[in-house]
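What follows is the residue order along each chain.
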Amino acid sequence: MASHRRLRANLLLLAAAAIWGFAFVAQWVGADVVSPFTFNSVRFGMGALVLAVIIVVRDAKRGVSQEKRALATKAVIWPGLICGAVLALAVGFQQAAMPESSAGNAAFLTALYIVLVPILGVFLGWKLEWHVVVGMIACTVGLYLICITDVFTIAVSDLLLLGAAVLFAVQIHVVDRYGTRLSALRFATSQFIGCALVSAVLAFIFDAAPFQHLELAIIPLAYGGICSVGIAYTLQVLGQRDALPSHAALIMSTEAIFGGIAGALLLGENMGLRGYSGASLMIAGIVISQLGSMKHSS
């Protein structure tokens, strides 16, 4: 029975990773017509709405009292808003890079956050183990092959994506700090609301056309909001109940692979031998960086 639950959990996480991977195509298409912070504000607002509906239905089925609902909701407000602010910057950098990047590139560079989490953890007292160091070296070489041209230059879009990866790693640490004792779905909803609100403010400051041309990106916004933010996160929450933590990290890292596949199938992207070699090294680095946690969790 336990093995059946674990298999189901792994399949749910794989589905979430696939949805996230294909979301890079939606983001790339949306970036062509809607300004970055506007796009993120709308899609995270839609995702928050989806999760809010799920919470209401779930509470009703479980018979949760009004008092418990109020207490659980109150507890997530400020932590969620703080995490949402960090998330807004991360997805803002990512979306701003899309017009000059590709869905595949964005997927692989963003996946670097999985290695950066333990690297940043050193500043919080974590011990940096050998497998993380080896994984980081492999990812660095992979990044070089993907980002650095023959004349030793790196595109601004790549720098933005690397910045997004760092911010995603920071956001994971913030979630770990505030969210472990809170209602997972409520905390996520609060975080998405915070991201939507901060992105809205940044849209009026930085976007060339804030909250305009939304009708031209209905499908990318719907996919990015309902599927990528709302549904995929719910699948992640359900999957991580029964999955081993190390297995969950590895399965969710396949988001990068699905992003590359989506870019090739739907957009006709080709990263070339150099780019695919770098992507392969990054995948190897991500897997190697998780070896110690796999041993610990088995």
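Our structure is the block above this text.
Residues numbered from 1 in each chain as written. Predicted model: local features only at pLDDT ≥ 70, side-chain atom pairs only at ≥ 80, totals over all residues. Heavy atoms only, no water.

Caption draft 1: Highlighting unusual backbone geometry. Residue Phe-211 is not a glycine yet carries a positive backbone phi of 55°. With respect to the helices and strands, Phe-211 occurs in the loop between α8 (184-206) and α9 (218-239). Although it is not a glycine, His-213 sits at a positive phi angle of roughly 65°. When you line up the elements, His-213 lands in the loop between α8 and α9. (Helix = DSSP H or I, 4+ residues; strand = E, 2+ residues; numbered from the N terminus.)

Caption draft 2: The arrangement of the nonpolar core in detail. In terms of nonpolar packing, the biggest core is built from 49 residues, with Phe-44, Leu-112, Ile-146 and Phe-192 touching the most fellow members. Considering every element that reaches this core, the biggest residue donor is helix α7 (residues 156-178), with 6 residues. Leave out the neighbours within four places in its chain, and Ile-146 touches Asn-105, Phe-108, Leu-109, Met-271, Gly-275, Gly-278, Ala-279 and Met-282. Counting 11 residues, the second-largest nonpolar core is a separate cluster that includes Leu-12, Trp-20, Ala-232 and Leu-235. (Core = buried A, V, L, I, M, F, W, Y, C linked by side-chain atoms within 4.5 Å. Buried < 20%, exposed > 50% of the residue type's maximum accessible area, 1.4 Å probe, protein only. Contact = heavy atoms within 4.5 Å.)

Caption draft 3: Region of the structure containing the packing of aromatic side chains. Per the stated rule, a full pass over the model turns up 4 aromatic pairs. Ring geometry for Phe-204 versus Phe-211: centroids 5.4 Å apart, planes at 35°, classification tilted. The exposed category is assigned to Phe-204, whose relative accessible area is 60%. (Phe/Tyr/Trp six-rings, centres within 6.5 Å; stacked < 30°, edge-to-face > 60°.)

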